[in-house]
Each structure stands twice: as C-alpha cells, then as structure tokens.
Amino acid sequence: MIHLNWNETKTLKQVTCIHTNAEKYMVENVLTKGHVYEVKNETDEFYFVVDNKGQVSGFYKDYFQDTNG
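Everything numeric in this text was worked out from a predicted model, so none of it was measured.

## Some thoughts on the environment of His-19
Point 1. Note that His-19 resides in the loop between strand S1 (13-17) and strand S2 (36-42).
Point 2. Residue contacts for His-19: discarding those within four places in its chain leaves Lys-33, Asp-62 and Tyr-63.
Point 3. Reaching out from His-19, the side chain makes a polar contact with the backbone nitrogen of Asn-21 at a distance of 3.1 Å.
Point 4. Separated by 3.0 Å, the side chain of His-19 and the backbone oxygen of Asp-62 make a polar contact.

## A word on the sheet that holds strand S3 (residues 46-50)
Point 1. Read across the open sheet, the 5 strands follow the order S4-S3-S2-S1-S5; overall the sheet is antiparallel. Whereas interior strands pair on both sides, the edge strands pair on one side only; in this sheet they are strand S4 (56-60) and strand S5 (64-66). Averaged over neighbouring strand pairs, the angle between their axes works out to 45° when direction is ignored.
Point 2. Across 3 bridges, the pairing between S1 and S5 is antiparallel.

## With respect to the side chain of Ser-57
Point 1. Relative to the helices and strands, Ser-57 resides in strand S4.
Point 2. Here Asp-51 takes part through its side chain, which lies 2.8 Å from a polar atom of the side chain of Ser-57.
Point 3. Every residue in contact with Ser-57, bar those within four places of it in the chain, is listed here: Tyr-47, Phe-48, Val-49 and Asp-51.

## Examining the nonpolar core
Point 1. Within the largest apolar cluster, 12 residues are counted, these being Val-15, Cys-17, Val-27, Val-30, Leu-31, Tyr-37, Val-39, Tyr-47, Val-49, Phe-59, Tyr-63 and Phe-64.
Point 2. Of all the secondary-structure elements, those providing two or more residues to this core are S1, S2 and S3.
Point 3. Apart from residues lying up to four places away in sequence, Tyr-63 is in contact with Thr-16, Cys-17, Ile-18, His-19, Thr-20, Asn-21, Ala-22, Val-27 and Leu-31.

Parameters and conventions
- Residues numbered from 1 in each chain as written.
- Predicted model: local features only at pLDDT ≥ 70, side-chain atom pairs only at ≥ 80, totals over all residues.
- Heavy atoms only, no water.
- Helix = DSSP H or I, 4+ residues; strand = E, 2+ residues; numbered from the N terminus.
- Contact = heavy atoms within 4.5 Å.
- Polar contact = N/O pair within 3.5 Å; in protein donor to acceptor, adjacent residues only side chain to side chain.
- Pairing = 2+ DSSP bridges.
- Axes fitted to C-alpha atoms, helices over the stretch in contact; angles between N-to-C directions.
- Core = buried A, V, L, I, M, F, W, Y, C linked by side-chain atoms within 4.5 Å.
- Buried < 20%, exposed > 50% of the residue type's maximum accessible area, 1.4 Å probe, protein only.

So this is what it looks like as structure tokens:
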C-alpha cells in the first residue's frame, strides 16, 4: 500500500501541465495548464502527481511535459 505514503515521499521530478483537454474526465478541476507539478510515482502510462487539491492522483502522461526537457 505504497500509495498511502506518496505525499511524504521524495519528489522524483517535476512536470508541466500542457493541456487539460480530457475526453472522459473533468481534468481541469484538478490540473491547471502551465502549472508545474511534483511527480511522486510514475508508470509507463501515468504520472502520479500532487494535484491542485493537494492529493496524489494519477494522470495520463500526455497531459504533461517534463520540465527538464
């Protein structure tokens, strides 16, 4: 149950939200275009970031751009 401690874990990297155009979900409620988010965990398909509500949530990687390049 590693997800219970993600808020306290070290940030892996930072990513910038490049859009909130979701087909199914209301992503604009928890992400802001242009905002930099802390990545707490990562899979092949998702970033788990601290969202605008202060919670760690999983989002498709296509919403983000790595701030380091």
